[in-house]
Amino acid sequence: MQTDYSKKSTNEEIRERFDNDVERFSNLDTGQLTTIDAPLTMDLCTEAAKYVNPNATQLLDIGCGAGNYTLKMLSKIPDLNCTLNDLSMPMLKKAKERVSAQTTGIVTLLQDDMRNLNLPNDSFDIILAAATLHHLRDEKDWEQVFTKFYKTLKPGGSIWISDLITHDSPTLIGLFDQRYSDYLDTLGGPEYRQKVLNYVAHEDTPRSLNFQLALLTKVGFKQVEVLHKNSYFAAFGGIK
């Protein structure tokens, strides 16, 4: 049965929200507050990239926001050429300002929906995609984007994803709903919890970890790994 996504946030709405929230997303403590284990998953994704591609020169950061993941990657592999993608130009400008101060490499900006990117084949050593893939809608979107990522990586290159996920078991969805609600309560109480849950319901369409691992394998990744999972968040990736 075809899922109706017509009531979900449009790209324009998502872009406007992020255009107006640059400073918060420039700070890991505030920008990823609602993401469980955010500092850990950032460290794991960038460390995995360093171990798999220690001689990397080309980095692609999808949905880069204000550049936090790229900055973390540069702390481990200096002076990468960094291609930064986001819907929001204010985010991209802030990311370029911060990243350019930390690398002698070329910093390139791509303002576009990830689904529309025209990426050259065999060009990047590392792709990072943090808290962005959950904006993809139907399964065609997901397969198209994962295929695009696979093709643009060099042989032996890797992608590392940190994101909101869902679960395949309805029973476990109930368990993790409760655990995530409890976590949000610790951050700001019931009113804050409801605000976050409302925008997740309106804006996001995550897929399960099982779905994404299977899709990475389907589009060609020869090795697929889970780095971390806690409740509605996971860090994982694949090697071409």
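Residues numbered from 1 in each chain as written. Predicted model: local features only at pLDDT ≥ 70, side-chain atom pairs only at ≥ 80, totals over all residues. Heavy atoms only, no water.

1. Observations concerning the sheet that holds strand S2 (residues 81-86)
So, step 1. Strand order in the open sheet formed by 7 strands is S3-S2-S1-S4-S5-S7-S6, and the pairing between neighbours is mixed. Looking at the sheet topology across the chains shown, the edges are occupied by strand S3 (107-111) and strand S6 (223-230). The average undirected angle you get between the axes of adjacent strands in this sheet is 15 degrees.
So, step 2. In the sheet, strand S1 (residues 58-62) pairs with strand S4 (residues 124-130) via 4 bridges, with the strands oriented parallel. Note that in S4 the partner of Asp-61 across the bridge is Leu-128.
So, step 3. Across the face of the sheet, helix H4 (residues 38-52) comes into contact with S4, strand S5 (153-164), S6 and strand S7 (233-239) while running at roughly 175 degrees to S5. (Pairing = 2+ DSSP bridges. Helix = DSSP H or I, 4+ residues; strand = E, 2+ residues; numbered from the N terminus. Axes fitted to C-alpha atoms, helices over the stretch in contact; angles between N-to-C directions. Contact = heavy atoms within 4.5 Å.)

2. Re the environment of Ile-127
So, step 1. For Ile-127, the position within the fold is in strand S4.
So, step 2. Residue classification places Ile-127 among the buried positions, given a relative accessible area of 0%.
So, step 3. Separated by 29 residues in the primary sequence, Ile-127 and Arg-98 have C-alpha atoms spaced 19 Å apart.
So, step 4. Leaving out residues up to four positions away in the same chain, Ile-127 has contacts with Leu-60, Ile-62, Phe-149, Thr-152, Leu-153, Ser-158, Ile-159 and Trp-160. (Buried < 20%, exposed > 50% of the residue type's maximum accessible area, 1.4 Å probe, protein only.)

3. Describing H4
So, step 1. Compared with an ideal rise of 1.5 Å per residue, which puts 15 residues at 21 Å, H4 spans 21 Å between its outermost C-alpha atoms and is within 8% of the ideal.
So, step 2. Taken together, the buried positions of H4 are occupied by Ala-38, Thr-41, Met-42, Cys-45, Thr-46, Ala-48 and Ala-49. Buried residues of H4, seen end-on, are gathered within an arc of 155 degrees and therefore sit on one face of the element. Exposed and oriented more than 90 degrees from the buried face of H4 are Pro-39 and Tyr-51. (Expected span 1.5 Å × (residues − 1). Arc of directions from axis to C-beta.)

4. Description of helix H6 (residues 89-100)
So, step 1. An ideal rise of 1.5 Å per residue puts 16 Å on 12 residues; H6 measures up with 16 Å between its terminal C-alpha atoms.
So, step 2. Its side-chain oxygen 3.2 Å from the backbone nitrogen of Met-91, Ser-88 forms the N-cap of H6. (Polar contact = N/O pair within 3.5 Å; in protein donor to acceptor, adjacent residues only side chain to side chain.)

5. Side note on the packing of helix H1 (residues 11-19) against helix H8 (residues 170-203)
So, step 1. Where H1 meets H8, the closest approach of the two axes is 11 Å, and the angle between their N-to-C directions is 145 degrees. Two secondary-structure elements touch here, H1 through Glu-13, Ile-14, Arg-17 and Phe-18 and H8 through Tyr-199, His-202 and Glu-203.

6. Some words on the nonpolar core
So, step 1. Among the nonpolar cores identified, the biggest contains 26 residues, and Ile-62, Leu-133, Phe-146 and Ile-159 are the most heavily contacted of them.
So, step 2. The set of elements that each furnish at least two residues to this core consists of S1, S4, helix H7 (139-152), S5, helix H9 (209-219) and S7.
So, step 3. No other element matches the 5 residues that H9 contributes to this core.
So, step 4. Sequence-distant contacts of Leu-133, that is, excluding residues within four places in its chain, are made with Met-114, Trp-142, Val-145, Phe-146, Phe-149, Ile-161, Asp-163 and Gln-212. (Core = buried A, V, L, I, M, F, W, Y, C linked by side-chain atoms within 4.5 Å.)

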